[in-house]
Amino acid sequence: MTRFYLLPGALCGFLSVALGAFGAHALKAQLSERYMDVWATATDYQFYHSLALVLVAVLAIQFKDSKKLRWSARLFLAGIILFSGSLYVLAITGVGWLGAITPLGGVSLMLGWLFLATFAVTELSD
């Protein structure tokens, strides 16, 4: 489980930095201020949740059989794809119906945090 989630976490972190730079330099003249803000939100959330995915992968070294960690990682990865991915496409294309996908990604991210919190309460001991 560790390698399976550490690699995507690291790659998503890399991509968030690369896409942030791409947006700031290559897209700045192409997108409206509104869509630049959408792009920035996508990169911010991707970066934060890439770190969360890496954290879960590192925790999985010690807690290999934790289903809560496994679900947390899955939900973070799905949330990155759905939330940030839909915002990237929305910013570039302006296709408004893509905004309907974004909340599904947001719910996935929130559930990832909830599973991580549940793990902390139920599987960690002093």
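As the structure is a computational prediction, the values presented were derived from the model and not from experiment. (Residues numbered from 1 in each chain as written. Predicted model: local features only at pLDDT ≥ 70, side-chain atom pairs only at ≥ 80, totals over all residues. Heavy atoms only, no water.)

## Some words on the pattern of salt bridges
Then, number 1: Overall, the coordinates contain one salt bridge when judged by the stated rule.
Then, number 2: Note that K68 and E123 form a salt bridge whose closest N and O atoms lie 3.6 Å from each other. Highlighted residues: K68 in helix α3 (residues 67-93) and E123 in helix α4 (residues 102-123), separated in sequence by 55 residues. (Salt bridge = Lys/Arg side-chain N within 4 Å of Asp/Glu carboxyl O. Helix = DSSP H or I, 4+ residues; strand = E, 2+ residues; numbered from the N terminus.)

## Focus: the packing of helix α1 (residues 2-27) against α3
Then, number 1: Across the interface, α1 lies against α3 with an axial gap of 11 Å and an inter-helix angle of 25°. Of the possible angle classes, the one that applies to α1 and α3 is roughly parallel. The hand of the α1/α3 crossing is left-handed. On α3, the residues that touch Y5, P8, C12 and L19 of α1 are R70, A73, R74, L77, I80 and Y88.
Then, number 2: Looking at the contact of α1 with α3 residue by residue, the class counts come to eight nonpolar, no polar and two charged. (Axes fitted to C-alpha atoms, helices over the stretch in contact; angles between N-to-C directions. Parallel < 35°, antiparallel > 145°, perpendicular 65-115°, else oblique. Left-handed = near helix turned anticlockwise from the far one by under 90°. Contact = heavy atoms within 4.5 Å. Nonpolar A, V, L, I, M, F, W, Y, C, P; charged D, E, K, R; others polar.)

## Considerations on the side chain of Q46
Then, number 1: Relative to the assigned elements, Q46 resides in helix α2 (residues 33-62).
Then, number 2: Assessed through its relative accessible area of 4%, Q46 is described here as buried.
Then, number 3: Polar side-chain contacts of Q46 include one of 2.7 Å to the side chain of Y88.
Then, number 4: If sequence neighbours within four positions are ignored, Q46 has contacts with C12, L15, S16, L19, I80, S84 and Y88. (Buried < 20%, exposed > 50% of the residue type's maximum accessible area, 1.4 Å probe, protein only. Polar contact = N/O pair within 3.5 Å; in protein donor to acceptor, adjacent residues only side chain to side chain.)

## Considerations on the packing of aromatic side chains
Then, number 1: Scanning the entire structure with this criterion turns up eight aromatic pairs.
Then, number 2: Taking 4.8 Å as the distance between ring centres and 40° as the angle between the ring planes, the aromatic pair formed by Y45 and F83 counts as tilted. Here Y45 is found in helix α2, whereas its partner F83 is found in helix α3, with 38 residues between them in sequence.
Then, number 3: Under the relative-accessibility criterion, F83 is labelled buried at 12%. (Phe/Tyr/Trp six-rings, centres within 6.5 Å; stacked < 30°, edge-to-face > 60°.)

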